[in-house]
Amino acid sequence: MKRIFLLLLALVLLGPAALGEEDDDPPYDWRADWEAWGYDQYAEVQDDTLIIFEGVTALSQASHSTWDPISREFVKTKPKFLENGPRFEDMMFGDHPPHQVSLPSTLRYMGWESFYCLHFNAFTLPEQLEVLEAGAFEFCFFDVLRIESTLPAQELLNSFYDCTVVTYEVPEDHPLYQAIDGVLFSKDGKTLLAYPGGRTDEHYDVPAGVEHIWPYAFGTDYLKTISLPIGLKTIGSGAFATCGRLQSIAVPLTVTEIGDYAFWRCVSLELVSLPDGLTINKDINPRHVQYYTDDFIYRGDNGDTLSSGH
């Protein structure tokens, strides 16, 4: 009797696990939520692919203003598609969000955060898009981003401002853009538009013939050195901003203009060699001073040294 009592007591103390029962919560049934939210009328998931149905013309909420990271202000817009569409984020798919997406031929408008925190193995930005808001792909990751869209570069790149891209692809017959070794350029090769922030190389040679570096073209924690070609003329605002491991850079004699915030948050950068007579707005103020190393200096070819002043 005593043994039976002790056995029953042990079963009570051990609980459901001792009886072969699991106390884990049931898996999240995201498909049930989709039906409750009405998302099943817009899309479905098959295997590892999110399929957005034909007939959908807009994703996310249409807005009348959008954030422009270059001017650092909200810019008023007049979207052509005022109806709101679905918005897709990683958490809404439970533990296994899709890594592929199939967009409909009817899609014309993509609003802010149309996709949020999703990892795409490959994504094609289609040609038929007419409006692409800034931040349409907030915090997304792209192994391969294929650009078929013919939207202007600023509108195109603003939509990926907070994203990570490993490789850009562009069709050979694209009228506006080309990809060289996974880096995005203008069709004529004179403007470097975007270096993929997810690329892990520690050095990059900007190709000969490049005359302009687009604002915020670089933004990677991997590059330590960048070689700029003779013939380069302008470096856009924030061109190397957030390149956290960049250590030094020599600006060619042919450069005549460097935009503001060109080296913002380059926390490892210690030396920028400049052409004689060219200066940089160092953007030093109490709000930004922590984003520069204490010994960050700008040194021109004439031997002058300009201290960062802190």
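Use the structure listed above.
Residues numbered from 1 in each chain as written. Predicted model: local features only at pLDDT ≥ 70, side-chain atom pairs only at ≥ 80, totals over all residues. Heavy atoms only, no water.

K.L.:
Outline the pattern of salt bridges, listing residues and values.
P.N.:
Counted according to the given criterion, the structure contains 10 salt bridges. The residue Arg 146 makes a salt bridge to Glu 148 at a minimum N-O spacing of 3.1 Å. Relative accessible area serves as the criterion here: at 26%, Arg 146 is assigned to the partly exposed category. The class of Glu 148 is partly exposed, set by a relative accessible area of 28%. By sharing partners, the salt bridges in this structure join Arg 87, Glu 89 and Glu 113 into a single network. (Salt bridge = Lys/Arg side-chain N within 4 Å of Asp/Glu carboxyl O. Buried < 20%, exposed > 50% of the residue type's maximum accessible area, 1.4 Å probe, protein only.)

K.L.:
Now, about the state of the cysteines: what can you tell me, with residues and values included?
P.N.:
Summed over the entire model, instances satisfying the criterion amount to zero disulfides. The cysteine Cys 140 is free of any disulfide, with Cys 163 supplying the nearest cysteine sulfur at 5.1 Å. (Disulfide = S-S within 2.5 Å.)

K.L.:
Talk me through the sheet that holds strand 9 (residues 115-116); I want residue IDs and the actual numbers.
P.N.:
Through backbone hydrogen bonds, the strands of a sheet pair up, either in parallel or in antiparallel fashion. Taken in spatial order, the three strands line up as 6-9-12 in an open sheet, and their pairing is parallel. Single-partner strands in this sheet number two, and they are strand 6 (88-89) and strand 12 (137-138). Looking at chain direction, strand 9 and strand 12 are connected through two bridges and run parallel. Looking across to strand 12, one finds that Tyr 116 is bridged to Glu 138. (Pairing = 2+ DSSP bridges. Helix = DSSP H or I, 4+ residues; strand = E, 2+ residues; numbered from the N terminus.)

K.L.:
Outline unusual backbone geometry, supporting the account with residue identities and numerical values.
P.N.:
A negative phi angle is the norm for most residues apart from glycine, just as the trans form is the norm for most peptide bonds. One non-glycine residue, Glu 113, lies in the positive phi region at around 60°. On the secondary structure map, Glu 113 appears in the loop between strand 8 (109-110) and strand 9. For Glu 113, a relative accessible area of 10% corresponds to the buried category. Positioned with a positive phi, Asp 181 is a non-glycine residue whose angle comes to about 55°.

K.L.:
Before we move on, could you go through the nonpolar core and cite the residues and values that matter?
P.N.:
Membership of the largest hydrophobic core comes to 42 residues, with the highest contact counts inside it found for Phe 88, Phe 115 and Phe 137. Those elements giving two or more residues to this core turn out to be helix 2 (30-37), strand 1 (43-46), strand 2 (49-52), strand 10 (119-125), strand 13 (141-147), helix 3 (153-158), strand 14 (164-169) and strand 17 (191-194). Once residues lying within four places of it in the same chain are set aside, the contact partners of Phe 137 are Met 110, Phe 115, Phe 123, Leu 125, Leu 132, Phe 142, Ser 159, Phe 160 and Cys 163. Counting residues in hydrophobic clusters, the runner-up holds 30 residues, among them Tyr 195, Ile 235, Ala 239 and Ile 249. (Core = buried A, V, L, I, M, F, W, Y, C linked by side-chain atoms within 4.5 Å. Contact = heavy atoms within 4.5 Å.)

K.L.:
So, the pairing of strand 13: which residues are in play, and what are the values?
P.N.:
Note: strand 10 against strand 13, six bridges, orientation parallel. Considered in strand 13, the bridge of Ala 122 is made with Val 144. Of the strand pairs in this sheet, strand 13 and strand 14 are connected by five bridges, and their pairing is parallel. By the bridge assignment for strand 14, Arg 146 is matched with Glu 169. Handedness of the strand 13-helix 3-strand 14 crossover: right-handed. (Right-handed = clockwise from strand over helix to strand, strands pointing away.)

K.L.:
Any details on the packing of aromatic side chains? Residues and values, ideally.
P.N.:
Within this structure, the stated rule accounts for 26 aromatic pairs. Pairing Tyr 39 with Tyr 42 gives two aromatic rings, centres 6.2 Å apart and planes at 80°, and the pair type is edge-to-face. What makes Tyr 39 buried here is its relative accessible area of 14%. Classification of Tyr 42 by relative accessible area gives partly exposed; the value is 25%. Seen from their ring centres, Phe 142 and Phe 160 are 5.6 Å apart, and the 80° between their planes marks the pair as edge-to-face. Taken together, the residues Phe 142 in strand 13 and Phe 160 in the loop between helix 3 and strand 14 connect sequence positions 18 residues apart. In this structure, Phe 142 and Phe 160 share a single accessibility class: buried. A cation over a ring is seen here: Arg 87 above Tyr 116, with NZ or CZ 5.3 Å from the ring centre. Of note, Arg 265 hangs over the ring of Trp 264, and the distance from its end group to the ring centre comes to 5.5 Å. (Phe/Tyr/Trp six-rings, centres within 6.5 Å; stacked < 30°, edge-to-face > 60°. Lys NZ or Arg CZ within 6 Å of the ring centre and 35° of its normal.)

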